[in-house]
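Examining the three-dimensional arrangement
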Amino acid sequence: MSTTSDDSAVLREQGNQAFKQGQFLEAIDRYTDALNILKDLQLSETNKNDLTKCYSNRSQCYINLGQYEDAIEDSTRALEYTPSDQKSLYRRANAFERSGKLKEAISDAQRLISISSKAGGTDEQTYNLLKKLRETAQNKVSQQTQLTNQIKQMFETIISKSNQDETALNNLLVVSRDDAGAEAILSFDPDLQHLTEFIQRNERTTVLGVLRILSAIVKNSYRRAEIVYNKLGLKPIARCFAMNDAEIPTNASILIHNMLMSICDLENRRKVRKPMNVAYNFDKPVIEFINETFRMLLDLIDDKSCSGIGRDCCLDLIVKFVDRANGCNWTNKFIISGLPKVLRVAATVPELPESEKKQYPLTEQTKMHLSMVLSIIYHDLCSDKERESYNTECMEFVKALRERDDVQSRVRTISVLSVLLQGPFDTGNAILGSQNLVDLMIQMAGSSDELQERIAVEAIVLSASKKDKAAGILNLGAEILKNLYQSANEQIKVIALVGLSKIASSKGTDSSANLVTEGSCQTLALACCKFLTTSPSFDIRRWSADGLAYLTLDADVKEDLVNNLSAIKSLFNLCQCEDAHVLYSITTIFVNLTNTYDIRKPDKEMTELANYAKQHVPKEHPKDDTEFFEERRRKLVDAGIIPVLIHLCKHKSANCREQVSRIFLGLCENEKYRGPIVAAGGAKSLLPLASDGTPVGQTKAAQALAKIAITTNPENAFPGQRMLEVVRPILKLLKVENTALENFEALMALTNLAGVGENVRKRILKEDGFVNIEHYMYDEHKMLRRAATECMCNLVVQEEVVKYFTGENDRIKLLVLLCGEEDDDSLIKAALGTIAVLSSLQIDLDDFKDVELQEDDRKKLNEYVEENRIICQKILDVASFVEIFKQLCASEDLEIQFRALYIIRNITKVNKELATRIVETDLMDILLGIKEMKDNRLVNEKNRKIISDIIQLCLKYGLIQPNKDHTIIEEDETAAE
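None of the values given here were measured: they were computed from a predicted structure. (Residues numbered from 1 in each chain as written. Predicted model: local features only at pLDDT ≥ 70, side-chain atom pairs only at ≥ 80, totals over all residues. Heavy atoms only, no water.)

Each helix and strand in the protein was counted, giving 56 helices and 2 strands. Going through the 977 residues of the protein one by one, you find that 53% of them count as buried. Contacts spanning at least 24 positions in sequence make up 70% of the contacts within the protein whose residues lie at least 6 apart. Carbon and sulfur atoms make up 48% of the accessible area of the protein, which totals about 45100 Å². (Helix = DSSP H or I, 4+ residues; strand = E, 2+ residues; numbered from the N terminus. Buried < 20%, exposed > 50% of the residue type's maximum accessible area, 1.4 Å probe, protein only. Contact = heavy atoms within 4.5 Å. Areas by Shrake-Rupley, 256 points an atom, 1.4 Å probe, with all protein chains shown as cover.)

Turning our eyes to something else, we now look at the pattern of salt bridges. In this structure the tally under the stated criterion is 58 salt bridges. With its nearest N and O atoms 2.4 Å apart, the salt bridge here joins R811 to E774. Note that R811 is positioned in helix α49 (residues 811-818) and E774 in helix α46 (residues 769-775), a separation of 37 residues in sequence. Of the residues examined, E774 reaches a relative accessible area of 10% and is grouped as buried. One salt bridge connects K829 with D893, and the closest N-O pair in it is separated by 3.3 Å. (Salt bridge = Lys/Arg side-chain N within 4 Å of Asp/Glu carboxyl O.)

Quick look at unusual backbone geometry now. The phi dihedral of L192 is positive, around 55 degrees, even though this residue is not glycine. With respect to the element layout, L192 can be found in the loop between α10 (179-188) and α11 (193-199). Here L192 falls in the buried class, since its relative accessible area comes to 0%. Positive phi, close to 55 degrees, is recorded for N595, a residue that is not glycine.

Now for the nonpolar core. One finds F241, F334, I641, I773 and F885 to be the most contacted residues of the largest nonpolar core, which totals 277 residues. Counting the residues that make up this core, at least three belong to each of domain 2 (487-601 + 617-639) and domain 3 (810-845 + 855-965). Discounting residues that sit within four places of it in the chain, F885 has contacts with L832, A900, I903, I904 and L923. (Core = buried A, V, L, I, M, F, W, Y, C linked by side-chain atoms within 4.5 Å. Domains from an automatic or database assignment.)

Direction vectors running N to C along α49 and helix α50 (residues 825-839) enclose 140 degrees, while the axes themselves pass 8 Å from each other. On the basis of the axis angle, α49 is oblique to α50. Regarding α49 and α50, the two cross each other, and that crossing is left-handed. For the pair α49 and α50, contact is made by I812, L815, V816 and L818 and by L827, I828, A831, T834, I835 and L838, respectively. Partitioning the contact of α49 with α50 into residue classes produces 9 nonpolar, 1 polar and no charged. (Axes fitted to C-alpha atoms, helices over the stretch in contact; angles between N-to-C directions. Parallel < 35°, antiparallel > 145°, perpendicular 65-115°, else oblique. Left-handed = near helix turned anticlockwise from the far one by under 90°. Nonpolar A, V, L, I, M, F, W, Y, C, P; charged D, E, K, R; others polar.)

On to the packing of helix α23 (residues 407-422) against helix α26 (residues 450-463). The geometry of α23 relative to α26 is characterised by a closest axis approach of 9 Å and an angle of 30 degrees between their N-to-C directions. Classified by the angle between their axes, α23 and α26 sit roughly parallel to one another. Considering the relative orientation of α23 and α26, their crossing is left-handed. Every residue of α26 that contacts α23 at V407, V411, I414, S415, S418, L421 and Q422 is listed here: Q452, I455, A456, E458, A459, L462 and S463. Grouping the amino acids of the contact of α23 with α26 by side-chain chemistry returns 8 nonpolar, 5 polar and 1 charged.

One pass over the full model with this rule turns up 13 aromatic pairs. An aromatic cluster of three or more residues is present, and its members are F155, F188 and F198. Residue placement shows K766 over the ring face of Y62; its charged tip is 5.7 Å from the ring centre. Taking the ring centre of F898 as reference, the NZ or CZ of K942 above it sits at 4.3 Å. (Phe/Tyr/Trp six-rings, centres within 6.5 Å; stacked < 30°, edge-to-face > 60°. Lys NZ or Arg CZ within 6 Å of the ring centre and 35° of its normal.)

This part is about the side chain of E183. On the secondary structure map, E183 appears in helix α10. Contacts of E183, omitting those with residues within four sequence positions, involve Q110, R223 and R224.

As a further point, take the environment of K231. Relative to the helices and strands, K231 is located in helix α13 (residues 222-231). Sequence separation between K231 and D191 is 40 residues; the distance between their C-alpha atoms is 6.0 Å. For K231, the residues in contact, after removing those within four places along its chain, are P190, D191 and L192. Engagement of the side chain of K231 in a polar contact is seen with the side chain of D191, the distance being 3.4 Å. (Polar contact = N/O pair within 3.5 Å; in protein donor to acceptor, adjacent residues only side chain to side chain.)

On to the side chain of S685, then. Summarising the element assignment, S685 is placed in helix α39 (residues 682-691). On the basis of relative accessibility, which here comes to 12%, the residue S685 falls in the buried class. When neighbours within four sequence positions are excluded, S685 is seen to be in contact with I646 and C649.

Next up on the list: a positive patch on the surface. Where like charges cluster on the molecular surface, the positive patch consists of K39, R273, K732 and K735. Structurally, K735 can be placed in the loop between α43 (727-732) and α44 (740-754). (Patch = residues over 30% accessible without salt bridge, like charges linked within 9 Å, V, L, I, M, F, W, Y side chains within 5 Å. Lys, Arg positive; Asp, Glu negative; His and termini not counted. Charge placed at Lys NZ, Arg CZ, Asp CG, Glu CD.)

With that out of the way, let us pick up the confidence of the model for the protein. Averaged over the protein, the pLDDT score is 85; the fraction of residues at 70 or greater is 88%. Scored below 50 in pLDDT, residues 467-471 makes 9 contacts in the model with residues more than four places away or belonging to other chains. Of the regions scoring below 50 in pLDDT, residues 972-977 engages in 3 contacts with residues more than four places distant in sequence or in other chains. (pLDDT = per-residue confidence, 0-100.)

Our focus in this paragraph is the environment of K650. The topology assignment puts K650 in the loop between α36 (641-648) and α37 (654-668). With 39 residues separating them in the primary sequence, K650 and L689 have C-alpha atoms 9.0 Å apart.

As a further point, take the environment of L417. Relative to the assigned elements, L417 resides in helix α23. The sequence separation of L417 and A346 amounts to 71 residues, and the corresponding C-alpha distance is 8.7 Å. Not counting the four nearest positions on each side in its chain, L417 is found in contact with G428, L432, L437 and M441.

With that out of the way, let us pick up helix α45 (residues 758-766). All buried positions along α45 are accounted for by V760, R761, R763, I764 and L765. One or two steps after α45, the chain reaches D768, where phi turns positive at roughly 60 degrees.

If you want it as structure tokens, here you go:
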């Protein structure tokens, strides 16, 4: 049946009515139903308005229920559709304040002031919020007065240009990092006249200090960032980017980064899940700011007076903010106005003579930054048409370069090709084939001209980035690479070394393949390590790491490298750079050393068939056995790899993050490394890896988190809010497409988490955990069945879970049948524990006998009693209940016996009717027999006490009566009175 916006309106109104009656859970359900309809409809202005209302109203429900994180998420979603919606902004500010995030609350409140004043005034809610914030601020009036005087003195010192300038700037920086201090600075210099004058000075210390102060002022504050943008403008900041200084352009980049984050509200927006191809919805003033910022960055990239460091900073900002998935949605505009500028820089080769015009200043990292930009743009394109347009633009640029067939044109052409091959490889590969550039590369590599050789060999190596291309390079240019390896030019030599490394490693981990001379991989690796540890050039060290990434597929090389501590430390130091390509090479080395790559073991029958047909069958190297890679992992941990991995978690590259996830999982396989990982902050770092990145990376990180949660106290491993955040990624491991081991470890981890407290159990339920966990209670795999039941045992203490068992279903029957499983005491105990909790009335009715309860409280109490009766009756209704529990009561395992007796006592306590059904079975005879046993190995005092309680209840009901000799006989209820 099709649904319309009218249906959603009806559901929303039902939610409104439930809200008015204080039925917030019911209201949430109705708003959710309305949202599910609206999401399936075409997005129009009307639907945007309806989506805003539903998300905003649901956020208020969450606020009333004290679920502030959910409220923040929903109000942020509402603001996605209507960025200026005052109710949503107010509710988010309210939720931020109640969750103790005063900074964010103030930022939203200030934004609300700005919006409401433009709309013609503030409403009562806004006024009350402002009043509350002012009251908070008034508590610091005296401190603020003192702070204002200090700020005045600092400004006067800088204005006077005394020798105390640097001290005053440092003090201002400290003050600006606090919200109150940042506001005080803007109060003293509201039009930024002084700060504008300072930043335009020619004094390095002053300019650097002002950039740092402004970066702190705009951080996490829409209003303050807006003031800086409107009063200062981007021109003085652009001047700082252009400076040839090691620190000033970097700090200008941080300032623009913080302004984009605050004005575009990206920190909050990125917390909301949405389709990757759907862009954020920005207000018109924000869009204007984005456009002006990106135009400034592109102008600087194409400005030959801009320093190389400044250009790298501009490229880095584009990488972070250009995409539609998590940034400012500037990809399509970039292809039109930015792509030619970036390619012009890519065609720059500093060694070429430039008699006609000035060259672009470059750094060692510029070409890598260019590749990252081109890659980000390409992978953000959503359709074949967009990618075709991108490829055409790049191809036309290369064609234009090749029109003049001279040395300069050739070198520039291959330089652009190298940049493309390091970034969007498919684009570079397409141009490589269509423009017949392979022959040109081979020709240049054999030209005896050092510049042409270096540019060509770099392109040859990059064109073999895909494993299946290495064999082609072997046929086309192996001899040329060998000759170039003898070059006196260190850079040509190391790049040729990488090419030879790729050829040597094309066998992968197959120790039986002999594509190169035995021992040559180790010789090449030794040469790579020498360059890595001795060369001061970043370029040479990154190429060395690239070579090792291929060579470490060989087990002998792994053993040599892991014992070369200086090479390992050099790799750790190289991790401090931001180049995605370099970091991917390094993480690949660590993946190879730890054997955490995917291993595809050939089918046994297929192997036998291949041997019979005399076909090649890959064989594992003996040094890739468990004992060897476990020892390599130990050596890496001792060398300090854990803090290095934590640092690498922060990188944006999804592929790099996947590699880090693999290594973490490999280390977590050994329980003794889990403690050090948690102590170093690894659990915190794994959370973003498990929620953002490639599907494989997320799964590996989630499994590592699960392993940590199994053996480490969750309260120590995931303190505070983090314990709630870890639930979602671990639950994702319960998908049927995951391996049985991943399912099992997820269930074990959830068992521990569910035992921590109510908030965690609620989060598990909110993320549909109940259904996913219950699914594995039916699984054929015994271990999965047991783990799921143990997890359910911890979940059923939650009131909401009990309702799942009282409805018309066979869940209780399944649990009783699980109690009858043979040869699995752990499963039986888990099932008995679950039934024991479900059959227990969590309150003592005697406590309420003389208490006058409100009508709602009385109703709630009656619901508890009725649910308890239904569950106990369902237990008795299982046909095999008596036979199963007779066995359990007679069990030699006293813990199983206790749980079975505890359940029978719970049933007996409910009412006389259910107690009668117990007395009428053989169970009563067995209970009486057990009670009289004297052997403590068969029954202990605790269990005898339970049996005595059952007997006392039956005596109370008059179902049994004592004989004169104090033995018990059953009451014959059929006898005539």
